[in-house]
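A closer look at the structure
Listed here are the chains, written in short residue letters.
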Amino acid sequence: MMKKMSIPTSKTSLVLFLCQIISALDVPLDSKLLEELSQPPTITQQSPKDYIVDPRENIVIQCEAKGKPPPSFSWTRNGTHFDIDKDAQVTMKPNSGTLVINIMNGGKAEAYEGVYQCTARNERGAAISNNIVIRPSRSPLWTKEKLEPNHVREGDSLVLHCRPPVGLPPPIIFWMDNAFQRLPQSERVSQGLNGDLYFSNVQPEDTREDYICYARFNHTQTIQQKQPISVKVFSMDSLNDTIAANLSDTDIYGAKPVTERQPVLLTPTGSTSTKVELRGNVLLLECIAAGLPTPVIRWIKEGGELPANRTFFENFKKTLKIIDVSEADSGNYKCIARNTLGSVHHVISVTVKAAPYWITAPRNLVLSPGEDGTLICRANGNPKPSISWLANGVPIAIAPEDPSRKVDGDTIIFSHVQERSSAVYQCNASNEYGYLLANAFVNVLAEPPRILTPANKLYQVIADSPALLDCAYFGSPKPEIEWFKGVKGSILRGNEYVFHDNGTLEIPVAQKNSAGTYTCVARNELGKIQNEVQLEIKDPTMIIKQPEYKVIQRYGQVSFECIIKHDSTLLPTVTWLKDNDELPDDERFLVGKDNLTIMNVTDKDDGTYTCIVNTTLDSVSASAVLTVVAAPPTPAIIYARPNPPFDLELTGQLERSIELSWIPGDENNSPITNFVIEYEDALHEPGVWHYQTEVPGTQTTVQLKLSPYVNYSFRVIAVNKIGRSQPSEPSEQYLTKSASPDENPANVQGIGSEPDNLVITWEPLKGFQSNGPGLQYKVSWRQKDVDDEWTSVIVANVSKYIVSGTPTFVPYEIKVQALNDLGYAPEPSEVIGHSGEDLPMVAPGNVQVHVINSTLAKVHWDPVPLKTVRGHLQGYKVYYWKVQSLSRRSRRHVEKKILTFRGNKTFGMLPGLEPYSSYMLNVRVVNGKGEGPASPDKVFKTPEGVPGSPSFLKITNPTLDSLTLEWGSPTHPNGILTSYTLKFQPINNTHELGPLVEIRIPANESSLILKNLNYSTRYKFYFNAQTSVGSGSQITEEAVTIMDEAMASRQVDIATQGWFIGLMCAVALLILILLIVCFIRRNKGGKYPVKEKEDAHADPEIQPMKEDDGTFGEYSDAEDHKPLKKGSRTPSDRTVKKEDSDDSLVDYGEGVNGQFNEDGSFIGQYSGKKEKEPAEGNESSEAPSPVNAMNSFV
């Protein structure tokens, strides 16, 4: 049998190809195999045949090849050996044949023009590259020429010649003006293929002096510019006027302004021309015509049609473009130019020639020793190419003879080859238009069999589908393949198997019994090898409940079901489509596990819905149509709880599961969101309904898990946004079979209630957990860490068992196992319990107290031995109490305090102690039964601390220059008092504090008369006590010395004068009027003058009236932003905001409830507020605004 295999050359470096004869080998594309096999060279990359290089850059001539062993490279230039070692400018890349000619470092590209050819050689042959012609690109300058201005009559035709310099490759031509803007082109004005600019007829707007032709040379990235061409268009009127002024008689004088003309071809000239194009190229034919009106061009092919899909019209249909031409495109092409006055045509005779092209290119040939093969080289062209053969780059006529080789025109025949027959053959097909060169090697190999399929590869297929088991192999000679099933199975034969030539075993219809291990064996005369693969057969995926046709009213709800059954080892994915496209991105479409629900259906939801189920091995689908109809007119919608479901049905009864289905009741205009399923156990708890599960409102069936020995009945409750429906009627009863218990009691514990017993408790199983009649419990226990046997007892359905006569507080292993008439539950897990506790036997020893400071102490003790605890150690309790205060030497009622320290701690902190006191404490250990004996009482004392504040400070007997102070000693002296400290300072009328005076007073004093004070002055006093440790907290008071009688009388006189009273009344009246006017203007939308000024000047420093409360904002100084002392307003509630004065009268009293005397002095009592630290020296505080006082007055 003859095999053929074709692999693109660009993807198959080092790849061996299949020959066209019976004995040729096919080498698989296995990278590891290719690395191991010997192989002649193969050219993988080379530069193009016609290689135009940039003369300013290094020349890189590519030649890459692969082979085993890796090939070496050599070059010829112009047919002779090119010794690169003798040219310092030429280097060859390592492990490559690519040449780099250094032009940028002194070389000249012109010196390296020529024809280059690369040879790649190893011990198995030599491959050669194409002849690579190297030519440097050229971009010559425009020859200088004197261009005369073009004077043209309006309506005449015009050709502006470009005539670019000859470059390599030819330049790209375009026309622009002096501003480097492309000149507009149209049906009237266009550029020809030769670069000239053609005017079918000129118009006055064509007059300009900057028609510039540019030539762009892409290889060198340069642009050459022709000198600007000037065109001036004369109209007939202006021309007649000129002639009339100089001639008395002329034919032109009096002619029409513009003469219309029929079309004339500007290019090509004549009525016929010829064109030769090569096969595969682009054919460009051009016709440009003059005439007025502008002619329109049309193209036809004589005796045929223009080729479809390959024909394009360019340059306003003046150019016919046919891509990828072939010999069939030869013929006569006619262009017709037509306007309203006539037409003209031109016929172009096109001949398509062909450079050689492959019919059958020679392919690499891999043979085994003694086999036969052929290399075929067939090419076509116009004219027909000649075929010549080379062997390892040498013409075959002068190559070393090979008795196994015979040349027959375009074919080489090999007979009974040997390993020395390996070589690379070149086929050259050439004619006058070009040549083709192909390398094809003959590689003679002797290789034992190899299997390339991975060992133990797993194949998975769906039952009743074909199974293909691979056995990719290689060997030379070609191995024979056999298949076996199982490790010791017989060879597979028969019609149920198909054996492919590439080694693949096909099982056309794989069944469940087809699964197993399959062994592939490959053997030839050089050896034998085998490989195993695994086959698994999976159940097919099926849709057991398909979506059904639905008719739904607009704005209703619809659901499509898609319930599937699949192989348990495959993971299915379900996808829904609408009209074979994705579902709309709309939250109304709800995709569930086995359904699709559409809420609030609209007309656009009408269509076909498809459920597609995919696994890694198969895919199934099912579709249904949804028809949306208009809803009938309905009265006002009434929303209510749904009606109860009905028609409950039990199906699929199994021992541990059952399927419940129902029909939903009316949803009463509110969609059902979910169904709640409840059950009753008529055997154990008749009349009691329990929650079982709940499902979405789109689901009307559910699979329920059951327990043995339960007489089930079920009911369903529907739920919507309004509420829950009434329960449905109960389903029929279903009694499950009895079984041994599935589980054991939970929460098993062992805790003794007395020192000599162990109480074992557990949570009994519920009725339906018993799984059968005769529920009992097997209670087992044994002492832990003692080699005792389990002691067991079977008790009735209770929750407690007491073991008596146990040692005190020892650990026990406990387990409780359920059983019934049908057997035992699974073996229970063990828990650890303890027998009863007793009071601890000993007290903690070595109790030590470390006093940290006057209010804190740390107590230490030694832990008691755990055996003496006789129970669970819960911690230690420290009892401590104050015996007496060392400063007063008086005893009082003893109040014991207790601190508990959890766990096995051996120290603790005693906070909150009173300074300078005597304390006692003891420590006791605590277990679950109670406290043990107390340790011996331990006495400790706390050191002195700072005293508390004096109990009171009174200021009495004010005179003009003295005050009397009385005080009480601190309630908690916390030590021996050493002295008192009194500090005071005056407060002036602006509430600024004066200098601070300090006086030290002996501890045995309780009063003091301060003399030489200022009259009518307020003083603030700070008073505290001291011990040897430091000063205690202070108390404060304020008092005022009385004023001079004469000054008081003057104040009274001013306050009672009529003019003063009148002035105050006038001021109050003005303020009242101003407030009324502001209120009226504000309600009418008027603006205050300040507001008008703000609107006019938009000063950012001026804040407008606040819209929310109608008050004025504060105006601030732009320099320091401090509030102005005058002219500001308080809020309408007549309170002083805190930000207006950080140290106002409010800080010295209870809020704003202080009162003023007739003379304006403040007589409020200072109390209740935490005092600030006394100021050292004068502290300024802003005076209250006079407006505040005025507002208060009003």
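Worth saying up front: this structure is predicted, and the values here are computed from it rather than measured.

The rules behind these values
Residues numbered from 1 in each chain as written. Predicted model: local features only at pLDDT ≥ 70, side-chain atom pairs only at ≥ 80, totals over all residues. Heavy atoms only, no water. Helix = DSSP H or I, 4+ residues; strand = E, 2+ residues; numbered from the N terminus. Buried < 20%, exposed > 50% of the residue type's maximum accessible area, 1.4 Å probe, protein only. Contact = heavy atoms within 4.5 Å. Areas by Shrake-Rupley, 256 points an atom, 1.4 Å probe, with all protein chains shown as cover. Expected span 1.5 Å × (residues − 1). Pairing = 2+ DSSP bridges. Axes fitted to C-alpha atoms, helices over the stretch in contact; angles between N-to-C directions. Salt bridge = Lys/Arg side-chain N within 4 Å of Asp/Glu carboxyl O. Disulfide = S-S within 2.5 Å. Core = buried A, V, L, I, M, F, W, Y, C linked by side-chain atoms within 4.5 Å. Patch = residues over 30% accessible without salt bridge, like charges linked within 9 Å, V, L, I, M, F, W, Y side chains within 5 Å. pLDDT = per-residue confidence, 0-100. Phe/Tyr/Trp six-rings, centres within 6.5 Å; stacked < 30°, edge-to-face > 60°. Lys NZ or Arg CZ within 6 Å of the ring centre and 35° of its normal. Polar contact = N/O pair within 3.5 Å; in protein donor to acceptor, adjacent residues only side chain to side chain.

1. Brief notes about the overall build of the chain
Each helix and strand in the chain was counted, giving seven helices and 86 strands. Among the 1194 residues that make up the chain, the fraction classed as buried is 41%. Long-range contacts, defined here as pairs at least 24 residues apart, represent 64% of the contacts in the chain between residues at least 6 apart. Of the roughly 64,900 Å² that the chain leaves accessible, carbon and sulfur atoms contribute 51%.

2. Re helix α5 (residues 1058–1083)
Each α-helix winds once per 3.6 residues, and so residues spaced three or four apart point in a common direction. In this model α5 runs 38 Å from its N-terminal to its C-terminal C-alpha over 26 residues, within 8% of the 38 Å that 1.5 Å per residue would give. Every buried residue of α5 is accounted for by A1068, I1071 and C1078.

3. Comments concerning the sheet that holds strand β46 (residues 527–538)
Strand order across the open sheet formed by four strands is β39-β46-β45-β42, with mixed pairing between neighbours. A single partner strand is all that each edge strand has here, and the edge strands are β39 (457–462) and β42 (480–485). Across the sheet, the mean angle separating the axes of adjacent strands is 25° when strand polarity is ignored. Bridge count for strand β45 (residues 516–524) against β46 is nine bridges, and the pairing is antiparallel. Bridged to T519 within β46 is E532.

4. A few points about the pattern of salt bridges
Throughout the structure, instances matching the rule amount to 34 salt bridges. Close ionic contact of R153 with D156 constitutes a salt bridge, the shortest N to O distance being 3.6 Å. Classification of R153 as partly exposed rests on a relative accessible area of 35%. Under the relative-accessibility criterion, D156 is labelled partly exposed at 21%. In this structure, E314 and K321 form a salt bridge, with 3.3 Å as the shortest nitrogen-oxygen distance. A residue is classified by how much of its surface remains accessible, and E314, at 35% relative accessible area, is partly exposed. Take K321: its relative accessible area is 22%, and that puts it in the partly exposed class. Several salt bridges converge on common partners, so that one network encompasses D177, R208 and D210.

5. Topic: the pairing of strand β80 (residues 950–956)
For a regular strand, side-chain orientation follows a simple rule: the groups alternate between the two sheet faces. Where β80 and strand β81 (residues 963–970) come together, six bridges link them in antiparallel fashion. Note that in β81 the partner of F952 across the bridge is G968. Where β80 folds back on β81, the antiparallel hairpin that results is connected by six residues, among which N957 adopts a positive phi of roughly 50°.

6. Focus: the sheet that holds strand β34 (residues 405–408)
A sheet is described by the order of its strands in space; here three strands give the open sequence β30-β35-β34, paired in antiparallel fashion. Among the strands making up the open sheet, the edge pair consists of β30 (373–376) and β34. Each adjacent strand pair in this sheet contributes to an overall mean axis angle of 20°, direction not counted.

7. Quick look at unusual backbone geometry
A cis geometry characterises the amide bond from L168 onward to P169, with omega recorded as -10°. Residue position: P169 is located in the loop between β13 (158–160) and β14 (172–176). In this model, N669 sits at a positive phi of 70°, which is unusual for a non-glycine residue. Mapped onto the secondary structure, N669 falls in the loop between β58 (657–663) and β59 (674–681). A relative accessible area of 44% places N669 in the partly exposed class. Not every positive phi belongs to a glycine, and N771 is a case in point at roughly 65°. Among the structural elements, N771 can be located in the loop between β65 (757–763) and β66 (776–783). Taking the relative accessible area as the measure of exposure, N771 reaches 2% and is therefore buried.

8. A short note on the state of the cysteines
Taken as a whole, this structure holds six disulfides when the rule is applied. The disulfide partner of C471 is C520, and the S-S distance across this bridge is 1.8 Å. Because the torsion about its S-S bond is -60°, the bridge between C471 and C520 counts as left-handed. In this pair, C471 sits in the loop between β40 (467–469) and β41 (473–476) while C520 sits in strand β45, placing the two residues 49 residues apart along the sequence. Assigned by exposure class, C471 and C520 land together as buried.

9. A short note on the pairing of strand β23 (residues 288–292)
The buried fraction of β23 amounts to five of the five residues, a majority that puts the element mostly inside the structure. Residue alternation in β23 divides its side chains into two sets, I288, A290 and L292 and A289 and G291, and both sets are buried. Bridge count between strand β20 (residues 261–267) and β23: four bridges; the pairing is antiparallel. The residue bridging T267 from the neighbouring strand is I288, located in β23.

10. Quick word on the nonpolar core
One finds I59, I61, W75, I101, Y116 and I134 to be the most contacted residues of the largest nonpolar core, which totals 30 residues. If you list the elements that add at least two residues to this core, you get β2 (50–53), β3 (59–61), β4 (63–68), β5 (72–77), β8 (99–101), β9 (114–122) and β11 (132–136). With three residues, the single largest contributor to this core is β9. Those residues in contact with I59, other than ones at most four positions away along the chain, are V53, L99, V100, I101, I103, A109, Y112 and I134.

11. Things to note about a nonpolar patch on the surface
Residues L1069, L1072, I1073, I1076, V1077, F1079 and I1080 make up a contiguous nonpolar surface patch of roughly 640 Å² in combined accessible area. Note that V1077 resides in helix α5.

12. Examining the confidence of the model for the chain
Model confidence for the chain is summarised by a mean pLDDT of 84, while 84% of its residues fall at 70 or above. Contacts of residues 1–23 to residues separated by more than four positions or lying in other chains number 59 contacts, the stretch itself having pLDDT below 50. Considering only residues more than four positions removed or in separate chains, one finds that residues 248–255, a stretch of pLDDT under 50, has nine contacts.

13. A look at the packing of aromatic side chains
Applying the stated criterion to the full structure yields 21 aromatic pairs. Measuring from ring centre to ring centre gives 5.4 Å for F560 and Y609, while their planes differ by 25°; the resulting arrangement is stacked. With F560 in strand β49 (residues 558–561) and Y609 in strand β55 (residues 607–614), the pair connects residues that are 49 residues apart, well separated along the chain. When the ring of Y1019 is compared with that of F1021, the centres are 6.4 Å apart and the planes differ by 35°; the resulting orientation is tilted. Judged by its relative accessible area of 4%, Y1019 falls in the buried class. Linked through ring pairs, F174, F180 and Y214 together constitute an aromatic cluster. A cation over a ring is seen here: K49 above Y435, with NZ or CZ 4.1 Å from the ring centre.

14. Some remarks on the environment of A631
The residue A631 is located in the loop between β56 (619–629) and β57 (646–651) in this model. Residue classification places A631 among the partly exposed positions, given a relative accessible area of 36%. Sequence separation between A631 and G556 is 75 residues; the distance between their C-alpha atoms is 8.6 Å. Discounting chain neighbours no more than four positions away, the residues touching A631 are Q553 and R554.

15. Things to note about the side chain of N1024
By secondary structure assignment, the location of N1024 is in strand β85 (residues 1018–1027). Under the relative-accessibility criterion, N1024 is labelled buried at 11%. Reaching out from N1024, the side chain makes a polar contact with the backbone oxygen of G1032 at a distance of 3.5 Å. Residues within four places of N1024 in sequence aside, it is in contact with P950, Y980, T981, S1031, G1032, S1033 and Q1034.

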